[in-house]
Amino acid sequence: MRFAAPNAILGGLIIGVLGVCALFGALWTPFDPLKINFAARLQPPGPVYWLGTDEFGRDVLSRLMTAAATSVWISLLTVTAAVSAGTVIGMLTGYLRGWTDRILMAFNDALLAFPGILLALGLLAVMGANKYGIILALGLAYTPSVARVVRGTVLSLREKEYVDASRVMGNSEAYTMARHILPNCIAPLTVLATSMFGWVLLAESALSFLGLGVPPPAPTWGNMLASSRSFITQAVWLGIFPGLCISLTLLGINLLGDALRDKLDPRMRGV
Amino acid sequence: MARTELLQVEGLSLVVARTELEVVKNVSFSVAPGEIVGIVGESGSGKTLAARSIMALEPPATRRAGGSIRFEGKDLAQLPPRELRRLRGSRIGMVFQEPMTSLNPSMLIGRQLDEGLALHRDLDAKERRALILDMLRRVGIKDPEGALEAYPHQFSGGMRQRIMLASVMLLQPALLVADEPTTALDAVVQRDVLELMVELTRARGTAVLMISHDLSMVARYTDRIIVMCKGEIVEQGTTQDLLRQPRHPYTQKLLAAMPRRLPKRDLSTSVQPIVEVRDLVVEYRGRQGFFRKESGKRALHGVSLAIKPREVVALVGGSGSGKTTLGRAIAGLLDPAGGEIRFGGRSVRRGSEDWGNYRLNCQMVFQDPYSSLDPRMTIADLVREALRLVPEMGHREKVERVSEILHDVGLGDAFAGRYPHELSGGQRQRVAIARALVRRPAFVIADEPVSALDVTVRAQVLDLFADLQQRHGFSCLFISHDLGVVEQIADRVIVMQDGRIVEEGDRDTIFDQPQDPYTIKLLSAIPALEAAANGGVRLRWRFDDMPQGDVATA
Amino acid sequence: MLRFIARRVLMAVPTLFIMAVSVFALIRFIPGDPAALMLGDMADPAGLSDLRERLGLNHSLPVQFAIWFGNIFQGDLGHSITSSQPVLPLILDRFWISAKIVLIAVLFATLVAVPAGMIAAWRQNSLLDLVLVGAATILLSVPTFWLGLLLLILFGLKLEWLPIVGYVSFSEDPLAALLYIVMPIATLFLHEMGVLIRMSRASTLEVLRLDYITHARAKGLSEGAVLMRHAFKNAFGPTWTLIGLVLGNLLGGIAVVETVFTIPGLGRLLVDSIFARDYPVIQGCLLFIAFVYVVVNIVVDLLYPVFDPRVTAE
């Protein structure tokens, strides 16, 4: 039963390729992704420009690679921030209970009740669109769901007999939290962080598509798609490749997430 | 005279479709009309799969690899699906183990009962309703009309199992397959439901195939018993013969695993109790919301008890009796609302001066071996953790102590580096016992320590526990719903009901001359065992001649 | 039953209150004079001091909040800076456009996805299951704004079956309105199908393992009756809850689809006002969408006992 599921292999493969592209994109690209070259305007995919060029003659492949690096970086930072903050809040509320818990959770649930991207939109409206604004906005927007999952896990782990056993040994609450509860939160957190990486990447792309993300000329998949709309009749490839990148990445993450969930947290299967 | 068989299973084999692993191997047996036959086996014996395949209801992950099933002369494997469905329900009925999940939670009881009748019988709605009401009355439902318009969650487990029985017996099948029909119920309720089942089937001449892990329960009601182990039938015969002269070693092992009374132990009676509980009151706080406050519920109404050094005191009662709450309060996992716990003559309470000493000397073994061990720690780490707060003990000493106790519980150093998920349930429970004993506590609370285990494993762990108790000489509060186990291990017995102690006394007095009606009810559910020659046993049912009382106690 | 309804509605009160506080705080975080923000760059000094008075800016923050909250309670969300229109009617106009698209898309997605998910679960691990789950996972992974763009390229540009962008209201020209609205609906429909098929399949799998399904089969019921009568109602509960979440999330995320098809919906209004720094409208949109989301989820929860009678008993 130790062999990996096919969806894990496929998902891992896709994410692996993305990771390599992102790493590459940060260090080296075939062409300068920002260099304007009107002579090579709107070139279709060919031997020189593998995936064609855009309205300013910039190489699409290079821009996609740079964008991958940007997206992965933003998503990683955001997920890290949300998971850290959410874990602290979730552990605290799950541990303290009583009124502190109730007020913190009421606040948390109210934030959760803002549908997904809306909270980020509101925050961006105030902070203005740039890379760190996005990280902060999305990080804040996704912290409540982490807090909820961690709190739920802590509450259910508190009912486990091994936590009772630790208390019967005379271990302090803090020790029990650190030794028995926190390590057992890691599995559900891994599952959540994986899915969240996908949500954040999608949200970042959507914000960029709306013009509220990383500002041009820096490429992101979202803003590349947005600017492709004006040239869609002349240059279909501009509208195809960035979307394909987003979709494949999300597919990879979804497949990997499913596999992880099946392995680590059978209760959450298939959702 | 040749028997005319109702059901004839011949050479049945089932495999797991993916791995081709054989889970039921070449199984043959038969059931005559009106006969009650039991299939007994431990988990993994294939008994449930074999029974379900009679109606072609085995899970989709398994595949039939061979054999035939003939029912009333017809080979069920050859029947087209439509013909098979016509038999299901109308000729063969089935009762399931889990009363919480065997009725559809979102469908009215009335509709669920009506469904089978409407499908198989040519009756109009009025006639069906009359039949249903009559049947509900017979299974002891007090307000049948109201029950029709109710959902399953409005009934207790025992009542649901009665409704389940009603639903199946409405169609008067020729064969009833009952898969662990009462395992999920309290001992007292269990007996009532079984008596009802036997009464109903006898009245209609229905044959019963009863699947269970509980040999003594099956022995009480069946004419014949089939013993299964690891997918095979190892022995079958009349109930009498099988119990008195078991031929197969596995049957002998099963019989030997049945708990039995050991000679009374000699404990010096004059010494001071080591643990004393006085007028303990525990209340569960009601849930508090933003808008309302629910009133609390009192779980213990002033309970007092005393345990002497080296003594094993059993705490018995049904679910909701407060026995687990009492154990948890004594262990310091719950804060009592009133009363006092004394250890070694001094009052202890969380935060008090003597609490540290009590904490070192009072340990606990929990019920569920799957939840009581932190899955992310190795066995050695788990056991060693218990020594973390023991003062003045060096690392080397701790390692030696862990190794020693792992040997004591029969695991040895080979298990030290393994993780809980690599261990069987019995092995895990040994680890839990090692963890509780590694500190050499003076007092151990064992909360249903063997009730999650298979019968043969249960017997081994129980023997181990008794042996360790003898050697280490700790006092023990042994919480259990299973009076058989209690009869084997306890020196003294305390019976609880609804948060109060109803009876208390030494083991032989409680088991031989119980006074309280509730104790009598509990005892009537288990047999008294007398060992016969060559590994056989004789079962005697207490109070069988006594009036049964109200049927509808569920 | 009445207590259940009252409890669920009351539960939303703190949520709504905290949401109002958050939105209020959000706008107050912006450096500068709130009154100047509310009136925009073109404000005259008289109007400014008048608004300062009305917002209670010379009072403490709690008093300011009380005044602000009182206005909202009466439906007064202020006036748009760019168009000077009152905010609430503006939002309502745009909301109907978005709501229509979202509701139709989710309705059709539910009608197709729930049976599809059930069938996939019923034939678990079959080829059909594999195809359905695979398709659902792919649909789930394609972002709506790209899916919309693809539909646009295919049906608008290549096949020229449908008009590319724009919006016509039903009252003007029903047929044209339909043509314009088909692609945005199809986009959301396809995406939500992915989400709902997976959910329906997962919860059906859960239910099919349970004893009462085997019990239903043991009664002699046909597979169709087992699925329809016993599995469907119990498996639909989780999907139903998800539909509430989906509706709310779509309202928050519909801006991208409206951008692709240039539809003047609520999402586009929010994004446009973010660009225009039209704070009264931003604030109004945030509050309104959050309010609708809460209401939708209350309605979903109140209907839940239809699928599972156990929840009211708790």
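Everything discussed here concerns the structure shown above.
None of the values given here were measured: they were computed from a predicted structure.

Enquirer: Explain the interface of chain B and chain A here, please?
Expert: On the side of chain A, 21 residues touch chain B, which itself brings 28 residues to the contact. For the pair chain B and chain A, the two sides together bury roughly 2200 Å², of which 53% comes from carbon and sulfur. Seen at the junction of chain B and chain A, the total is one salt bridge. As a salt-bridge pair, D164 of chain A and R328 of chain B come within 2.8 Å of each other at their nearest N and O atoms. Elements supplying a minimum of two residues to the side of chain B that touches chain A: β16 (362–365) and α13 (379–385) of chain B. Per-element tally for the side of chain B that touches chain A: the top contributor is β16 of chain B, with three residues. In the side of chain B that touches chain A, the residues fall into 12 nonpolar, five polar and 11 charged.

Enquirer: What should I look at first to understand the packing of aromatic side chains in this one?
Expert: What characterises a pair of aromatic rings is the spacing of the ring centres plus the angle enclosed by the ring planes. Under the counting rule described, the total for this entry stands at 21 aromatic pairs over all chains. Judged by centre distance (5.9 Å) and plane angle (75°), the rings of F17 of chain C and F69 of chain C are edge-to-face. In this pair, F17 of chain C is assigned in helix α1 (residues 2–29) and F69 of chain C in helix α4 (residues 61–73), connecting sequence segments 52 residues apart. You can call F17 of chain C partly exposed: its relative accessible area is 42%. An aromatic cluster of three or more residues is present, and its members are F17, F24, F65, W68, F69 and F73 of chain C. The ring of Y175 of chain A carries the charged tip of R388 of chain B above its face, separated from the ring centre by 3.3 Å. R123 of chain C extends its terminal NZ or CZ atom over the ring of W122 of chain C, reaching a point 3.9 Å from the ring centre.

Enquirer: What is the right way to read the packing of helix α1 (residues 6–27) of chain A against helix α2 (residues 60–96) of chain A from this model?
Expert: Helix-helix packing: each pair is described by the crossing angle between the helix axes and the interaxial distance. Residue and element names in this part refer to chain A. Remark: α1 packs on α2, axes separated minimally by 7 Å, with the N-to-C direction vectors making an angle of 105°. Regarding the angle of α1 to α2, the classification is roughly perpendicular. Contact residues: L18, C21, A22, F24, G25 and A26 in α1; M65, T66, A68, A69 and V72 in α2. Grouping the amino acids of the contact of α1 with α2 by side-chain chemistry returns nine nonpolar, two polar and no charged.

Thresholds applied
- Residues numbered from 1 in each chain as written.
- Chains lettered and ligands numbered in written order.
- Predicted model: local features only at pLDDT ≥ 70, side-chain atom pairs only at ≥ 80, totals over all residues.
- Heavy atoms only, no water.
- Contact = heavy atoms within 4.5 Å.
- Buried area = accessible area lost by both parts, 1.4 Å probe.
- Salt bridge = Lys/Arg side-chain N within 4 Å of Asp/Glu carboxyl O.
- Helix = DSSP H or I, 4+ residues; strand = E, 2+ residues; numbered from the N terminus.
- Nonpolar A, V, L, I, M, F, W, Y, C, P; charged D, E, K, R; others polar.
- Phe/Tyr/Trp six-rings, centres within 6.5 Å; stacked < 30°, edge-to-face > 60°.
- Buried < 20%, exposed > 50% of the residue type's maximum accessible area, 1.4 Å probe, protein only.
- Lys NZ or Arg CZ within 6 Å of the ring centre and 35° of its normal.
- Axes fitted to C-alpha atoms, helices over the stretch in contact; angles between N-to-C directions.
- Parallel < 35°, antiparallel > 145°, perpendicular 65-115°, else oblique.

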